[in-house]
Amino acid sequence: VSVDELKQRCKLGYRAERVRRLALAVEKREGVPPIDLKWLEDDSRTSQEVFKRIKGIYGFGDFAAHNVCQLLGHFDSFPYDSETVRHFKEHHRVTKRLKMNDLAK
């Protein structure tokens, strides 16, 4: 499936290339570094190891990598972004100058 087809049929916009590359990597197709799903699912891996490996996948930043870590059972990995910070300030009455790194503590 082409990037243009993903954009058109799935409405992925700029994410279409990332999704295409992810699918090719999982299928171990030529031209992209393969993703070893068994390695990621191995319970003996630490959260830090899994996070680092996921961050190495094209298109995955901190937020997405933390989410995937949680999906793989690493619940000590905490996904947060600017919206999370806004939510804490608005709904939990955090009054100090909260920064994103403060949430991970």
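Description of the structure in this document. Here the structure is a predicted model, which is why all the values come from computation and not from measurement. (Residues numbered from 1 in each chain as written. Predicted model: local features only at pLDDT ≥ 70, side-chain atom pairs only at ≥ 80, totals over all residues. Heavy atoms only, no water.)

## Considering the pattern of salt bridges
One side chain can pair with another of opposite charge once the charged atoms of both are near each other. Threshold: We count a salt bridge whenever a side-chain nitrogen from Lys or Arg sits within 4 Å of a carboxyl oxygen from Asp or Glu. We count a stretch as a helix when DSSP gives it H or I for four or more residues in a row; a strand needs E for two or more, and each element gets its number in order from the N terminus.
According to the stated counting rule, one finds six salt bridges in the structure shown. The salt bridge partner of glutamate 5 is arginine 9, with a shortest N-O separation of 2.9 Å. In this pair, glutamate 5 and arginine 9 both sit in helix α1 (residues 3-10), four residues apart, roughly one turn of the helix. Arginine 86 is the salt-bridge partner of glutamate 90, the closest N and O atoms lying 2.5 Å from each other. Taken together, the residues span about one helical turn, with glutamate 90 and arginine 86 both in helix α6 (residues 82-91) at a distance of four residues. One connected set of salt bridges, linked through shared partners, spans Glu83, Arg86 and Glu90.

## Remarks on the side chain of histidine 66
Applicable threshold: Residues count as neighbours in contact if any of their non-hydrogen atoms are within 4.5 Å of one another.
Along the chain, histidine 66 turns up in helix α5 (residues 62-71). For histidine 66, the contacting residues outside a window of four places in its chain are Phe51, Ser77, Phe78 and Pro79.

## Re unusual backbone geometry
Its identity is not glycine, yet lysine 11 carries a phi of approximately 55°, on the positive side. Tracing the sequence through the fold places lysine 11 in the loop between α1 and α2 (16-26). Its identity is not glycine, yet lysine 28 carries a phi of approximately 55°, on the positive side. When you line up the elements, lysine 28 lands in the loop between α2 and α3 (37-41).

## Focus: the side chain of serine 77
The cut-off we apply is this: Two N or O atoms form a polar contact when they lie within 3.5 Å of each other; inside protein one atom must be a possible hydrogen donor and the other a possible acceptor, and for residues adjacent in sequence the pair counts only when both atoms belong to side chains.
Secondary-structure assignment places serine 77 in the loop between α5 and α6. Within the structure, serine 77 has its side chain in polar contact with the side chain of histidine 66 (distance 2.6 Å). With sequence-adjacent residues up to four places away left out, serine 77 is seen in contact with His66, Cys69 and Gln70.

## A look at the nonpolar core
The following threshold applies: Among buried residues, those of type Ala, Val, Leu, Ile, Met, Phe, Trp, Tyr and Cys that are joined through side-chain atoms within 4.5 Å constitute a nonpolar core. Exposure classes here rest on a 1.4 Å probe applied to the protein chains alone. A residue is buried below 20% of its type maximum, exposed above 50%, and partly exposed in between.
One finds Leu24, Ala25, Val32, Ile35, Trp39, Leu40, Val50, Phe51, Ile54, Ile57, Ala65 and Cys69 forming the largest nonpolar core, which totals twelve residues. Elements supplying a minimum of two residues to this core: α2, α3, α4 (47-55) and α5. With three residues, α4 is the single largest residue contributor to this core. Phenylalanine 51 has contacts with Asp62, Ala65, His66 and Cys69, leaving out every residue within four places of it along the chain.

## Here's the deal with the packing of aromatic side chains
Applicable threshold: What counts as a ring pair is set by centres within 6.5 Å for rings of Phe, Tyr and Trp (its six-membered ring), and what kind of pair is set by the plane angle: stacked under 30 degrees, edge-to-face over 60, tilted for all other angles. By the criterion adopted, a ring carries a charge over it if an Arg CZ or a Lys NZ lies within 6 Å of its centre and within 35 degrees of its normal.
One pass over the structure, following the stated rule, counts one aromatic pair. Geometrically, the ring pair formed by phenylalanine 78 and tyrosine 80 is stacked, given 5.9 Å between the ring centres and 25° between the ring planes. Since its relative accessible area comes to 15%, tyrosine 80 is described here as buried. Here arginine 21 stacks its cationic end above the ring of tyrosine 58, 3.7 Å away from the centre of that ring.

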